Amino acid sequence: MLNMTNVKYVLSILGQILFYYSCSISLTFFNKWCFSKFHFPLMVSFFQMSMIGHVVWFYRGITKPSGKDPISWEMFFKRVCPTAIAASMDIGLSNWSFMYITVSMYTMCKSTCIVFILIAAIIFRIEKPKLLSIVVIGLISLGLFMFTYKATSFNLFGFILVMSASAIGGVRWVLAQILLQRDSLGLSNTLEFVYYVNPVMVATIMPLALGMEGSDMLLAPNFILAERSQQLHIVMIVLVAAVLALLLTFSEYILL
């Protein structure tokens, strides 16, 4: 006879996975389309992170009573900041790469993130080196090489961006797992985790976005100098992308 508790647990995990893939696929295609209309991926990333921060800050302010922070400043700079910086660079570089590569190339390259997760897990000593892991890394690397070797739409700069994002993403997820699974830090709750990492993520992406795209965005014909209706259209596109990014963020950390 089936144990109803186990069935509910399995269905819950399957529901979380389905929710994650729905958000991930939707955001991937929407971002690609968004950046074809609004050519400022780093600024969009900055707006997305800022919106997520405001939503989490507002919700936490309502639901959580004021009191002592669960982590010290030392732990914040030692544990939270590296995770947040890695997350910010992962998202920023991933979005930037959409300007140069196709969705299929992006998806294939980002699938190598599991390779870097395994490598980072071994480096941080939360996973022991195994022959199976080495074989998996080799097969994924070979598949990536075969996919990109004769690619007609191959762009070297875009490839470097997305592979850098994938490598940083591997470090990001290992560090995030360490934070979320250490109950002594008080960050096992997804909301608390996002609340602490998000300000550092915004601070990391902001100078890059403003420095590389700020002035160009202000002078863009389809933004500041555009008609009010066109400006509103761009704002709505960015807001939809931010909502999808918010849902994806929660789905990612819930699965950890």
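Residues numbered from 1 in each chain as written. Predicted model: local features only at pLDDT ≥ 70, side-chain atom pairs only at ≥ 80, totals over all residues. Heavy atoms only, no water.

K.L.:
Just checking my understanding: could you explain the overall build of the chain for this structure?
P.N.:
In terms of helices and strands, the chain carries 9 helices and 0 strands. Ordered by position from the N terminus, the helices and strands of the chain form the series α-α-α-α-α-α-α-α-α. Each of the 256 residues in the chain was classed as buried or not, and the buried ones make up 43%. Partitioning the intrachain contacts of the chain with sequence separation of at least 6 by distance along the chain shows that 85% fall at a separation of at least 24. (Helix = DSSP H or I, 4+ residues; strand = E, 2+ residues; numbered from the N terminus. Buried < 20%, exposed > 50% of the residue type's maximum accessible area, 1.4 Å probe, protein only. Contact = heavy atoms within 4.5 Å.)

K.L.:
Any chance you could explain the packing of aromatic side chains here in plain terms?
P.N.:
Each aromatic ring pair is described using two quantities: the centre-to-centre distance and the angle formed by the ring planes. One pass over the structure, following the stated rule, counts 11 aromatic pairs. When the ring of Tyr100 is compared with that of Phe157, the centres are 5.1 Å apart and the planes differ by 90°; the resulting orientation is edge-to-face. With Tyr100 in the loop between α3 (73-97) and α4 (103-110) and Phe157 in helix α7 (residues 156-180), this residue pair connects regions lying 57 residues apart in the sequence. Of the residues examined, Phe157 reaches a relative accessible area of 38% and is grouped as partly exposed. Three or more aromatic residues link up through ring pairs in this structure, and these residues are Phe35, Phe98 and Tyr106. (Phe/Tyr/Trp six-rings, centres within 6.5 Å; stacked < 30°, edge-to-face > 60°.)

K.L.:
What is the right way to look at the nonpolar core in this model?
P.N.:
Nonpolar side chains in soluble globular proteins tend to be buried together. Formed by 58 residues in total, the largest nonpolar core has its most connected members in Phe38, Phe76, Val80, Phe193 and Tyr253. At the level of secondary structure, the elements contributing two or more residues to this core comprise α1 (4-37), α2 (41-63), α3, α4, α7, α8 (190-218) and α9 (228-255). A per-element tally of this core places α8 first, with 11 residues. (Core = buried A, V, L, I, M, F, W, Y, C linked by side-chain atoms within 4.5 Å.)

K.L.:
Looking at this structure, how should I read a nonpolar patch on the surface?
P.N.:
There is a patch of nonpolar side chains on the surface, built from Tyr9, Val10, Leu11, Leu14, Ile17, Tyr21, Ile25 and Phe29 and spanning about 840 Å² of accessible area. Within the secondary structure, Val10 is located in helix α1. Classification of Val10 as partly exposed rests on a relative accessible area of 43%. (Patch = residues over 30% accessible without salt bridge, like charges linked within 9 Å, V, L, I, M, F, W, Y side chains within 5 Å. Areas by Shrake-Rupley, 256 points an atom, 1.4 Å probe, with all protein chains shown as cover. Salt bridge = Lys/Arg side-chain N within 4 Å of Asp/Glu carboxyl O.)

K.L.:
How do you make sense of α7 when you look at a structure like this?
P.N.:
Two residues of an α-helix separated by three or four positions point the same way, owing to the 3.6 residues in each turn. The end-to-end C-alpha separation of α7 is 35 Å, in line with the 36 Å expected for 25 residues at 1.5 Å each. At the N-terminal boundary of α7, the capping side chain belongs to Asn155, with an oxygen 3.1 Å from the backbone nitrogen of Phe157. (Expected span 1.5 Å × (residues − 1). Polar contact = N/O pair within 3.5 Å; in protein donor to acceptor, adjacent residues only side chain to side chain.)

K.L.:
Looking at this structure, I do not really get α8. What am I missing?
P.N.:
Relative to the 42 Å expected for 29 residues at 1.5 Å per residue, α8 spans just 35 Å between its end C-alpha atoms, considerably shorter than the ideal helical length. Of all bends in α8, the biggest is about 50°, found at Leu210. (Bend = angle between axes of the 7 residues up to and from the residue.)

K.L.:
In this structure, what is going on with the pattern of salt bridges? I would like to understand it.
P.N.:
Side-chain pairing between opposite charges can occur once the charged atoms of the two side chains come close. As enumerated under the stated definition, the model contains 2 salt bridges in all. With its nearest N and O atoms 2.8 Å apart, the salt bridge here joins Lys110 to Asp90. One end of the pair, Lys110, is in helix α4; the other, Asp90, is in helix α3, with 20 residues separating them in the sequence. Pair check on accessibility: Lys110 and Asp90 agree, each one buried. For Asp90, the salt bridge goes to Arg172, with nearest N and O atoms at 2.9 Å. Placement of Asp90 in helix α3 and of Arg172 in helix α7 is noted, with a sequence separation of 82 residues between them. For Arg172, a relative accessible area of 4% translates into the label buried. Salt bridges linked by common partners bring Asp90, Lys110 and Arg172 together as one network.

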